[in-house]
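What follows is the residue order along each chain.
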Amino acid sequence: VSAGWPKALPPTRYAFGSPALADFDSDGALEVVFNTMEKSAAPTEGWVYVVNGAGANLPGWPKRPDVPSSCPPTNYVHYGTSASPLVTPSGSSASR
């Protein structure tokens, strides 16, 4: 186990699903992307985390998607670019 892992979350959140790996900051190293939900009877807030290999959040993360997702995040490469967009599927729409 490396320093920074396991990733500590606020006590009101839990992580679920499989993480995704992608190079979000173009440094040649993969970051870990995962979803969380609030611990409540009817969770209505989800957060997406992008963290580096040391377990630190990338700047601007975590982000709250428009629609909480009960699905694991996924990423795709738009051919012809170095971008690695993130998609968090939900039941009726997707947030980026």
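In this text, all values refer to a predicted model and were calculated from it rather than measured experimentally.

Undergrad: Would you take a moment to explain the packing of aromatic side chains for this structure?
TA: If you walk through the whole model with that rule in mind, you get three aromatic pairs. Taking the centre distance of 5.1 Å and the plane angle of 0 degrees together, the rings of Phe-34 and Tyr-49 count as stacked. Taken together, the residues span a long stretch of sequence, with Phe-34 in strand S2 (residues 31-38) and Tyr-49 in strand S3 (residues 46-51) at a distance of 15 residues. Look at Phe-34 and you get buried, because its relative accessible area is 9%. Classification of Tyr-49 by relative accessible area gives buried; the value is 4%. Over the ring of Trp-61 we find Lys-63; its NZ or CZ atom is 4.6 Å from the centre of that ring.

Undergrad: Honestly, the environment of Trp-61 in this entry has me stumped. Any pointers?
TA: Its place among the elements puts Trp-61 in the loop between S3 and strand S4 (74-75). Note on Trp-61: relative accessible area 18%, which makes it buried. Distance in space between the C-alpha atoms of Trp-61 and Val-50 is 6.1 Å, their sequence separation being 11 residues.

Undergrad: Whenever I open this one, the sheet that holds S2 confuses me. Can you help?
TA: The strands that make up a sheet are held in pairs by hydrogen bonds between backbone atoms, and each pair lies either parallel or antiparallel. The antiparallel open sheet is built from three strands, whose spatial order is S1-S2-S3. With partners counted over all chains shown, the strands left at the sheet margins are strand S1 (13-22) and S3, one partner each. Taken over all neighbouring pairs, the strand axes of this sheet differ in orientation by 20 degrees on average, direction set aside. Pairing analysis gives six bridges linking S2 to S3, with the strands arranged antiparallel. The residue bridging Thr-36 from the neighbouring strand is Trp-47, located in S3.

Calculation rules
Residue numbers here run from 1 along each chain, matching the order of that chain's written sequence. Predicted model: local features are reported for residues with pLDDT of at least 70 only, side-chain atom pairs are reported and counted for 80 or more only, and whole-chain, interface and lining totals are derived from all residues. Water and hydrogen atoms play no part in the side-chain values, which are based on all heavy atoms of the structure. Any two of the Phe, Tyr and Trp rings considered here, Trp counted by its six-membered ring, make a pair once their centres fall within 6.5 Å; the pair's planes then place it as stacked at under 30 degrees, edge-to-face at over 60, or tilted in between. Labels follow the DSSP assignment, with helices taken as runs of H or I lasting at least four residues and strands as runs of E lasting at least two, numbered in each case from the N terminus. Exposure categories follow from relative accessible area, calculated using a 1.4 Å probe and restricted to protein chains: below 20% of the type maximum is buried, above 50% is exposed, and the middle band is partly exposed. Placement of a positive charge over a ring is assigned whenever Lys NZ or Arg CZ falls within 6 Å of the ring centre and within 35 degrees of the normal to the ring plane. At least two bridges found by DSSP between two strands is the condition for calling them paired. Fitting a line to C-alpha atoms yields each axis, with helices limited to the stretch in contact; the angle taken between N-to-C directions then spans 0 to 180 degrees.

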